[in-house]
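Examining the three-dimensional arrangement
Given next are the chains, with one letter for each unit.
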Amino acid sequence: MPVNNYKLTDLDKLVSLSKRRGIIFPSSEIYGGLASVWDYGPIGVEIKRNIKDLWWKSFVSEREDILGFDASILMHPNVWQASGHLDSFSDPLVECSETGKRYREDNIFIAEKEDKGKKQLFSIEANDIEEAKNLVNDKSTEIKNLKDYKEKNLPSPEGGILSEPRMFNLMFKTFMGPLENENATVYLRPETAQAMFVNFINVFNSSRKKIPFGIAQQGKSFRNEITPSNFTFRTREFEQMEMEWFCKPGEDENWHKYWINFSMEWFKQYGIRKENLRLRNHDKTELPHYSKASSDIEYNFPWSWGELETISNRTDYDLKAHAKLSGKDLTYFDQSTNERYTPFVIEPSMGADRSVLAYLCDAYCEEQLENETRTLLKLHPKIAPITVAILPLSKNEKLSSLSKKVYDILKSKYNTQYDDTQSIGRRYRRQDEIGTPICVTIDFESVENDNAVTIRNRDTMEQMRVNIDRIVEGIEDSITEMQ
Ligand code: GAP
């Protein structure tokens, strides 16, 4: 596993590296960008794809008891009526009387300060109380969340007065067909999960699986978040990787524990440092409307701890709600016990974009060398966007011809990049910054003397000479060292 002793505390460093190296760009940038919407560049798309593929492998391909699925984003509006999203998927909003800016109530914190013997109140916008305390920077100041404050007419962070909270539904609406009226209203899904509940019988009948079994899918979800923030952490369009595990009522609590452990190990397996991960159980007041118990896996992001994945015990809430509104039977007959029941559901729900962000934050590293600071991404080799970079020392014809031969040997086995531009030092720096584990350098010795190349390890910068006939073994050895 790559060892990284660096802790990223300034997210802007990652944002600018991402722009410079083609990992993540602001959306529609030539028009000034679109707030909190991001595009993955040629390097970022490979990282995201690798993470999604590893998830799919662990949650679908390597399991006989989980089936893959891929549903449409648009669904019948009754889905959102039954699921409770039309009534309950809302955030309480408060508005500033001066600027009209709206905030999520739970993102506003009120601090008290003594000024010439008088109590002064001021408000801070933050993701959680830890961040609010850091922003105030005075440990003796008392800070409370806005909803825990009984007083009215509290100050807003922008100088005005905050309104009473109002509920605001987070689903994006659009219209299906040429008419723009209520009957034509459809919603962009706010979670991928519902498609797996409404297809439970289709999947069950076509696969003849026995309970317990799971249905998994990856795909876009949309939420009209009031305060999107922190790069790709909270956006209005994002990708989820969700699995619905259908089990027998009574066995749900054990399965809940099982999927919490499984998910935690999954993050560690591909290199997230364990000290940067923690589990947080929801208290009763913050449980989503469908959940009996939820646990978040959180990552220690540069600004504070933040949720990466929620593992919820959704009970039989969703299947029963869809059975009621659709009039269809969504129960299961257990032949081994002669019982009919509505299955309970355990749901590990992970954000693909948040996972990418956590892996990038965890891999970011700055090392002080003699004359410069080396920036690198110590990504796990299975997540790294390019596995091997082929770097001929110069554009000399003989070097190019041998380098192309090496490239042809490796390109079907690894994600390989050929780069013969700029000085070798600059090319190493570029590959380090995008996290390429192995650089292969071809020089005049290779052509004229020993038919060997130099393999450079990203993390140690150690170089070893390997004969081209043994190049794959040489690369495999170096990659194994890094896993
Ligand atoms: N089906 C359950 C569900 O959607 P959630 O906790 O609301 O649960 C699951 O979302 C995961 O989706 C989160 O842990 C997070 O990784 C990701 N996610 C949720 N909202 C997001 C947003 N606005 N931007 C980026 N990722 C988000």
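You'll find the structure just up there.
Everything numeric here is computed off the predicted structure, so don't read it as measured data.

1. Re the site of the ligand
- Lining the immediate surroundings of the ligand are 19 residues, of which Glu191, Arg223, Thr235, Glu242 and Glu307 lie closest.
- In the model, a nitrogen atom of the ligand is placed 2.4 Å from a nitrogen or oxygen of the glutamate 242 side chain.
- Its free accessible area being 560 Å², the ligand has 93% of it covered by the protein chains.
- Elements with a contribution of two residues or more to the shell around the ligand: strand S13 (237-247), strand S16 (305-315) and strand S19 (344-351).

2. Here we look at the sheet that holds strand S24 (residues 438-442)
- Strands sit in the order S23-S22-S24-S25-S26 across an open sheet of five strands; the sheet is mixed. Since the sheet does not close on itself, it has two edges, and those belong to strand S23 (416-418) and strand S26 (463-467), each with one partner. Recorded for the sheet is a direction-independent mean angle of 25° between the axes of neighbouring strands.
- Sheet strands in contact with helix H14 (residues 471-482) are strand S22 (388-392), S24, strand S25 (452-457) and S26, and its direction is about 10° off that of S25.

3. With respect to a negative patch on the surface
- A surface patch of like charges, here negative, comprises Glu462, Glu473, Glu476, Asp477 and Glu481.
- With respect to the secondary-structure elements, glutamate 473 resides in helix H14.
- With relative accessibility at 38%, the residue glutamate 473 sits in the partly exposed group.

4. Section: empty space enclosed by the protein
- According to the stated counting rule, one finds one cavity of 30 Å³ or more in the structure shown.
- Its volume calculated, the largest cavity comes out at about 100 Å³.
- What lines the largest cavity is a set of 13 residues, and nearest its centre among them are Gly271, Ile272, Asp362, Ala363 and Lys378.
- Taken together, the residues that form the lining of the largest cavity break down as seven nonpolar, three polar and three charged.

5. Remarks on the sheet that holds strand S4 (residues 90-95)
- Pairing in this open sheet of three strands is antiparallel, and the strands run S5-S4-S9 from one edge to the other. In the strand order of this sheet, the two ends are held by strand S5 (102-104) and strand S9 (166-169), each with one partner. Going across the sheet, the axis of each strand differs from the next one's by a mean of 50°, ignoring polarity.
- Bridge count between S4 and S5: three bridges; the pairing is antiparallel. Considered in S5, the bridge of glutamate 95 is made with arginine 102.

6. Remarks on the pattern of salt bridges
- Taken as a whole and judged by the stated rule, the model has 40 salt bridges.
- The partner of glutamate 433 in a salt bridge is arginine 21, and the shortest N-O contact between them spans 2.8 Å. Of the two residues, glutamate 433 is situated in helix H12 (residues 424-434) and arginine 21 in helix H1 (residues 11-21); the sequence distance between them amounts to 412 residues.
- Here glutamate 433 falls in the buried class, since its relative accessible area comes to 6%.
- One salt bridge in this structure joins glutamate 62 and lysine 57, with 3.2 Å as the shortest N-O distance.

Basis of the calculations
- Residues numbered from 1 in each chain as written.
- Predicted model: local features only at pLDDT ≥ 70, side-chain atom pairs only at ≥ 80, totals over all residues.
- Heavy atoms only, no water.
- Near = heavy atom within 4 Å.
- Polar contact = N/O pair within 3.5 Å; in protein donor to acceptor, adjacent residues only side chain to side chain.
- Areas by Shrake-Rupley, 256 points an atom, 1.4 Å probe, with all protein chains shown as cover.
- Helix = DSSP H or I, 4+ residues; strand = E, 2+ residues; numbered from the N terminus.
- Pairing = 2+ DSSP bridges.
- Axes fitted to C-alpha atoms, helices over the stretch in contact; angles between N-to-C directions.
- Contact = heavy atoms within 4.5 Å.
- Patch = residues over 30% accessible without salt bridge, like charges linked within 9 Å, V, L, I, M, F, W, Y side chains within 5 Å.
- Salt bridge = Lys/Arg side-chain N within 4 Å of Asp/Glu carboxyl O.
- Lys, Arg positive; Asp, Glu negative; His and termini not counted.
- Charge placed at Lys NZ, Arg CZ, Asp CG, Glu CD.
- Buried < 20%, exposed > 50% of the residue type's maximum accessible area, 1.4 Å probe, protein only.
- 1 Å grid on protein atoms, 1.4 Å probe; cavity = no way out; pocket = protein on both sides within 12 Å on 5 of 7 lines; lining within 4 Å.
- Points joined across faces, edges and corners; volume = space filled by probe spheres on them.
- Nonpolar A, V, L, I, M, F, W, Y, C, P; charged D, E, K, R; others polar.

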